[in-house]
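Architecture at a glance
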Amino acid sequence: MKKLHRLSAWSLAGFAVAAAAVADTGSAPVSLPQFQVFPDSAGQFATLNVPGAIDTSNPFFQALGTNGRSCVTCHQPADAWTVTPPHVRERFVNTAGRDPIFRTNDGATCPIADVSTLAARRNAYRLLLTKGLIRIEMTVPADAEFEVLAVDNPYGCSDKSALSVYRRPLPTASIADLSTVMWDGRETVKGQAIPDDLEKQALDATLGHAQAAQAPTTRQLQDIVDFELQLFTAQLRDEDAGRLDADGATGGPIALSQQEFFLGINDPVGLNPAGTPFTPTIFTLFDRWAALPVRDGDRSQARQAILRGQRLFNTLPIAITGVAGLNDVPLPADGQIHPMIQGTCGTCHDSPNVGAHSVPAPLNIGITDAARRTPDLPLITLINKTTGEIARTTDPGRALVTGKWADIGKLKGPILRALAARAPYFHNGSAATLGDAVDFYITRFSLNLTARDKADLVAFLRSL
């Protein structure tokens, strides 16, 4: 269905660039502009709060726990509503590692980490400082189809019953277009509306990350969710191509806030409740630029690169193989298993002009494989109770929610908007740049891309 957001009459020129971050200062609530613009590596991105000015008296900005944290601690406006390592490092320097984000319960590599000195704190919080990773502790389900044989954790968190995994905080903007809450979907309940899932997420985050002594009120949780559902963030300006909503283009958060979305929209395997056939043409943001004249030495060259990248995203043939959750299960469209699916980027990033899964679709594309482990991540060895099969992974993913052997390593794909503002990429920050993320897919799926193809695809992703 169409999002029926009503925008108050305002001009973009009427708003100055907002402050670089919102801190947990405990100071009196302030009003932030309805439309905030921030610099990033590609130019500028912007956030739109649909109802109007942002009121920081909302519980999203308030410390509801015992350790000084609020939602905004890990979901900063200047980081496209997540956190990024450069800004985390600034907070460390400015507070000598005592900002509320630096807490041992999950900000440190392990709760037992020494934080008694500045040097010790820098070491304890090094995954947060280098990759923006938060430690998530999860207990293996009692009825799991597997047991944990061994945990090689470089930080001492080697408990085999309560596993430590390390993940990027997901953005709290543009979530009106979500089908799954959290990387592993642990807050998503089948048949339950996404706003209800988000309330559960806010509750668990307050009790866990913020270490609240008591649960937030129903009104506080509702206010947090209502605020999050009205935020939309997207790239607004490219340093070479200029405004991304100029000359007929529809980049930026305003058009995003009006984008049609419903669960199952454009689903590629037959789960669209409207019955509309899937189209791999996921993004149309820059279609109108195709008719513009191309000149040397002006923005048209950069705009054409973005347009070529959009076309690649929509049309590049990809032989999809070995993806658990896609190649190893019967597809609803025909009830058959397809070890190879001839697809495109949109096969897994199907939501129109958003690029997320339009249905819950946890997949294992190989990011957590032992072969891709870096020394700063754990290695967890699992054994199948029935078959004796061994699996080694840096993050069991969805399997820690369901207990299913088939779910090992499965995680969701995130929304692909405001990417330039929120490096590094993937759940574990393993891709430092969008170029690195594209390289992963080139290697993983043997993509035949020229150097210009790769540059164009990166230019497009930076423009989202």
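Right, let's walk through the structure included here. (Residues numbered from 1 in each chain as written. Predicted model: local features only at pLDDT ≥ 70, side-chain atom pairs only at ≥ 80, totals over all residues. Heavy atoms only, no water.)

Sheet architecture is open: three strands sit in the order 6-12-13, paired in antiparallel fashion. Strands with a single pairing partner mark the edges of an open sheet, and in this sheet they are strand 6 (146–152) and strand 13 (390–393). Ignoring which end each strand starts from, the neighbouring axes of this sheet average 20° apart. Two strands pair when backbone bridges link them, and strand 12 (residues 379–384) and strand 13 are joined in this way by four bridges, in the antiparallel orientation. The partner of Ile383 across the bridge, within strand 13, is Ile390. (Pairing = 2+ DSSP bridges. Helix = DSSP H or I, 4+ residues; strand = E, 2+ residues; numbered from the N terminus. Axes fitted to C-alpha atoms, helices over the stretch in contact; angles between N-to-C directions.)

This part is about the packing of helix 5 (residues 194–208) against helix 6 (residues 218–229). As a packed pair, helix 5 and helix 6 sit with axes 9 Å apart at the nearest point and diverge in direction by 120°. Put simply, helix 5 runs oblique to helix 6. In this structure, helix 5 meets helix 6 at a crossing whose hand is right-handed. Between helix 5 and helix 6, the contacting residues are Pro195, Leu198, Glu199, Ala202 and Leu203 on the first element and Leu221, Gln222, Ile224, Val225, Glu228 and Leu229 on the second. Across the contact of helix 5 with helix 6, the residue classes break down as eight nonpolar, one polar and two charged. (Parallel < 35°, antiparallel > 145°, perpendicular 65-115°, else oblique. Left-handed = near helix turned anticlockwise from the far one by under 90°. Contact = heavy atoms within 4.5 Å. Nonpolar A, V, L, I, M, F, W, Y, C, P; charged D, E, K, R; others polar.)

Turning next to the layout of surface pockets. Approximately 470 Å³ is the volume found for the second largest pocket. In terms of lining residues, the second largest pocket is bounded by 20 residues, among which Thr188, Val189, Lys190, Gly191 and Pro360 are the most central. Across the lining of the second largest pocket, the residue classes tally to eight nonpolar, six polar and six charged. (1 Å grid on protein atoms, 1.4 Å probe; cavity = no way out; pocket = protein on both sides within 12 Å on 5 of 7 lines; lining within 4 Å. Points joined across faces, edges and corners; volume = space filled by probe spheres on them.)

Moving on, we get to the packing of helix 10 (residues 434–444) against helix 11 (residues 451–462). As a packed pair, helix 10 and helix 11 sit with axes 10 Å apart at the nearest point and diverge in direction by 125°. Compared by their axis directions, helix 10 and helix 11 come out oblique. For the crossing formed where helix 10 meets helix 11, the hand is right-handed. Residue-level contacts link Leu434, Gly435, Val438, Asp439 and Ile442 of helix 10 to Lys454, Leu457, Val458, Leu461 and Arg462 of helix 11.

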